[in-house]
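# A closer look at the structure
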Amino acid sequence: MTLTQRHWRRIRSRVMQVAITLFGLLLLTFFIGRVMPLDPVLAIVGPDADHATYQQVYHQLGFDKPLWMQFWIYLQGLLHGNLGLALLTGQPVINDILRVFPATVELATLAIVLGTGLGVPLGVWAAARRNSLVDYLVRIISLAGYSTPIFWVGMIGLLLFYAHLGWVGGAGRVDFSLDGIVPRRTGFMLVDALLAGNITVFNNALNHLILPASLLGFHSLAYISRMTRSFMLAQLSQEFILTARVKGLTEWQVVWQHAFRNILVQLLTVVALAYGSLLEGAVLIETVFSWPGFGSYLTGSLMLGDMNAVMGCVLVVGLIFVMLNLLSDLLYQVFDPRTKV
């Protein structure tokens, strides 16, 4: 079998794995949603509706059909790009997701940049100074960030930096007086403000973004620094590190050019998974800061029993992790040529 054939065989295998994973995810979510003790029909018609109205909406939503038929109808619509209508807004689910997702991407991207930019150097530094004061401080910071409830940190942050010190903006993406001034083009508030040339809105949006992003970044910093330290300790105990030191290389060369280079592939997976978790798991911080993002939309849909919206969000989350894993595989080939064979 030639290299090209192996390459295409690997691609076909990965596509099949992705398809099976997403199908299983949808199937599980659909049937769990149908047995949950929530009544989406009641959420639509209200508790005071008569029985005839209830039955009419029940029939219109297709709940009178067998579960397998309901799932088949949903899959047929999905293949045509139709995720159904959201009960909460009455709009197509795909439109709702496109509306709220940029806010979460903006929040998670800044958070992962902060978490990676600080977490990786701290983890390397702690490993290089094992059992020193620096190592203990980094481990304490990592433990605090990983174990402290994010919603509690968010409320303390609002009370201290917004209410008391006034250093940052409060809830929402911008002040109420500036909301709607900048035309929506990309959905990313900072980008839209720059495209409109409105520096006032840009500064205000950045002022609102910095605190929740920093708190999320601190949470991801704890995980990334902890994993970086663990990877580096394993590398620094290898024989080739001893050989490098015997040759007279500086400690900087030993740590960064030899040990750190060997953990890049592992770190890619860690950072990718951390970013995916931020995209789909920022529910609590979005709730505390009234951030109109993906997590808030998913939570509201789940509480309402809107399974069209929930399954659409689940599909997006699954696609995010699949795409991040594929991106990690591509980057593996850049940093580790052995993965090409």
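Rules used in this analysis
Residues numbered from 1 in each chain as written. Predicted model: local features only at pLDDT ≥ 70, side-chain atom pairs only at ≥ 80, totals over all residues. Heavy atoms only, no water. UniProt positions renumbered as here; feature names shortened; annotations may be inferred. Helix = DSSP H or I, 4+ residues; strand = E, 2+ residues; numbered from the N terminus. Buried < 20%, exposed > 50% of the residue type's maximum accessible area, 1.4 Å probe, protein only. Contact = heavy atoms within 4.5 Å. Areas by Shrake-Rupley, 256 points an atom, 1.4 Å probe, with all protein chains shown as cover. Lys, Arg positive; Asp, Glu negative; His and termini not counted. Charge placed at Lys NZ, Arg CZ, Asp CG, Glu CD. Arc of directions from axis to C-beta. Core = buried A, V, L, I, M, F, W, Y, C linked by side-chain atoms within 4.5 Å. 1 Å grid on protein atoms, 1.4 Å probe; cavity = no way out; pocket = protein on both sides within 12 Å on 5 of 7 lines; lining within 4 Å. Points joined across faces, edges and corners; volume = space filled by probe spheres on them. Nonpolar A, V, L, I, M, F, W, Y, C, P; charged D, E, K, R; others polar. Axes fitted to C-alpha atoms, helices over the stretch in contact; angles between N-to-C directions. Left-handed = near helix turned anticlockwise from the far one by under 90°.

The chain is annotated in an unreviewed UniProt entry as ABC transporter permease from Candidatus Pantoea formicae. Within the UniProt record for the chain, the comment given under Sequence similarities (unreviewed entry) is "Belongs to the binding-protein-dependent transport system permease family."

Bringing the overall build of the chain into the picture now. A tally of regular secondary structure across the chain gives 15 helices and 0 strands. If you line up the chain on its principal axes, its C-alpha atoms span 85 × 65 × 40 Å. Here the chain, with 341 residues, has 40% of them falling under the buried criterion. The long-range fraction of contacts in the chain, counting pairs at least 24 apart against all pairs at least 6 apart in sequence, stands at 72%. For the chain, the accessible surface area stands at approximately 19000 Å², while carbon and sulfur atoms represent 67% of it. The average position of the 21 basic charges and that of the 17 acidic charges among the side chains of the chain differ by 18 Å.

Buried residues of helix α14 (residues 294-304): Phe294, Gly295, Tyr297, Leu298 and Ser301, and no others. Across the axial projection of α14, the buried residues extend over an arc of 160°, all falling on one side. Where α14 terminates, the next one or two residues include Gly305, which has phi positive at roughly 80°.

The nonpolar side chains of soluble globular proteins are, as a tendency, buried together. Counting 80 residues, the largest nonpolar core has Leu26, Ile97, Phe101, Met232, Ile285 and Tyr297 as the members making the most contacts within it. Non-local contacts of Ile97, meaning those with residues more than four positions away in its chain, are made with Leu83, Pro102, Phe294, Tyr297, Gly312, Cys313 and Val316.

Okay, the environment of Thr200 next. Relative to the helices and strands, Thr200 is located in helix α9 (residues 199-236). Taking C-alpha positions, Thr200 is 8.8 Å from Leu178, a pair spaced 22 residues apart along the chain.

Taken as a whole, this structure holds 1 cavity of 30 Å³ or more when the rule is applied. Approximately 30 Å³ is the volume found for the largest cavity. As for the largest cavity, its lining consists of Gly145, Thr148, Ile150, Val153, Leu215, Phe218 and His219. Secondary structure elements with two or more residues in the lining of the largest cavity: α7 (150-164) and α9. Per-element tally for the lining of the largest cavity: the top contributor is α9, with 3 residues. Among the residues forming the lining of the largest cavity, the class breakdown is 4 nonpolar, 3 polar and no charged.

Attention shifts here to the packing of helix α10 (residues 239-246) against helix α11 (residues 251-259). Where α10 meets α11, the closest approach of the two axes is 10 Å, and the angle between their N-to-C directions is 145°. Like other packed secondary-structure pairs, α10 and α11 cross with a definite hand, here right-handed. Contact residues: Phe240, Ile241, Ala244 and Arg245 in α10; Glu251, Val254, His258 and Ala259 in α11. Residues of the contact of α10 with α11, tallied by class, amount to 5 nonpolar, 1 polar and 2 charged.

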